[in-house]
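Each chain, written out:
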Amino acid sequence: ARTVMKQLKRGFGQAHLYVMGHDIVRDNPIPVTDIDLEFKQITVHDNDDIDELIAIDEWQISKSDTLKMLQKGQLCYAAKHQGHIISYVWVVIGEKFEDYYLRRELKQAPHEAYHWRSMTLPAFRGRGVMQYMNTRIDIELTQRFGKTYGLGWVRTNNKSMLRSVCKIGYKPVWR
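Computed from a prediction, not measured in an experiment: that's the story for all the values here.

*Asks:* What is the right way to read the pattern of salt bridges from this model?
*Replies:* Oppositely charged side chains may form a pair once their charged atoms are brought near each other. Counted according to the given criterion, the structure contains nine salt bridges. For the salt bridge of D34 with R127, the shortest nitrogen-to-oxygen distance reads 3.3 Å. Separated by 93 residues along the polypeptide, D34 in the loop between β1 (17–23) and β2 (38–42) and R127 in the loop between β7 (112–120) and α4 (129–145) bring together distant segments of the chain. The partner of D49 in a salt bridge is K40, and the shortest N-O contact between them spans 2.5 Å. A residue is classified by how much of its surface remains accessible, and K40, at 21% relative accessible area, is partly exposed. Put simply, K40, D46, D49 and K80 are held in one network by salt bridges that share partners.

Pasting the structure below:
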């Protein structure tokens, strides 16, 4: 976490962010939601899912950039309800990467995973979808990649996302 924080101290615009961190635990129980969810990792071969992801993406990242991210090894996890994506979270597991939004090359320790580009459709917010997603992702990250610490950032004015990530154990580690 210190490595990422040092890199973020270099000034940029007027973005006010909390760097959030949490210990990744592999045996947390998967939260129960009041809606039927399918958990899926999106790959470069899931063209229909990628098109759907781009159509709902609040980040408005192009399909070509999204495909590049997947090809470079970033992980994209989605929750689907009745066959449609309602939530997604991107995760970087490499030790060095370019943050698309911050336009910075960041480095992380081998045991860390960087979460970003997360969103749940407004109609499904407040129903435990993000908690479900992050618990499932934590299990994947520990079992497949040996990760034990998760990092990400949230804009200081995004109160709903701050509440959501705090519910699953994230704590502010830097502003």
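*Asks:* What is the right way to read the environment of V32 from this model?
*Replies:* Of note, V32 is situated in the loop between β1 and β2. Spatially, the C-alpha atoms of V32 and Q108 are 32 Å apart, while their sequence positions differ by 76 residues.

*Asks:* It is not clear to me how the pairing of strand β5 (residues 96–99) should be interpreted in this structure. Could you clarify?
*Replies:* In regular strands, side chains alternate between the two faces of the sheet. Covered by surrounding structure in β5 are F97 and D99 only, the residues K96 and E98 on the alternate face being uncovered. For β5 and strand β6 (residues 104–107), the ladder comprises four bridges, and the chain directions are antiparallel. What sits directly across from E98, in β6, is E105. Between β5 and β6, which follow one another and run antiparallel, lie four residues, and R103 among them has a positive phi close to 55°.

*Asks:* How should I be thinking about the pairing of β7 in this particular structure?
*Replies:* Burial analysis of β7 places nine of its nine residues in the buried class, the great majority of the element. Here strand β4 (residues 84–92) runs beside β7; their pairing, made up of five bridges, is antiparallel. Within β7, the residue paired with V92 across the bridge is Y114. Looking at chain direction, β7 and strand β8 (residues 149–155) are connected through four bridges and run parallel.

About the criteria used
- Residues numbered from 1 in each chain as written.
- Predicted model: local features only at pLDDT ≥ 70, side-chain atom pairs only at ≥ 80, totals over all residues.
- Heavy atoms only, no water.
- Salt bridge = Lys/Arg side-chain N within 4 Å of Asp/Glu carboxyl O.
- Helix = DSSP H or I, 4+ residues; strand = E, 2+ residues; numbered from the N terminus.
- Buried < 20%, exposed > 50% of the residue type's maximum accessible area, 1.4 Å probe, protein only.
- Pairing = 2+ DSSP bridges.

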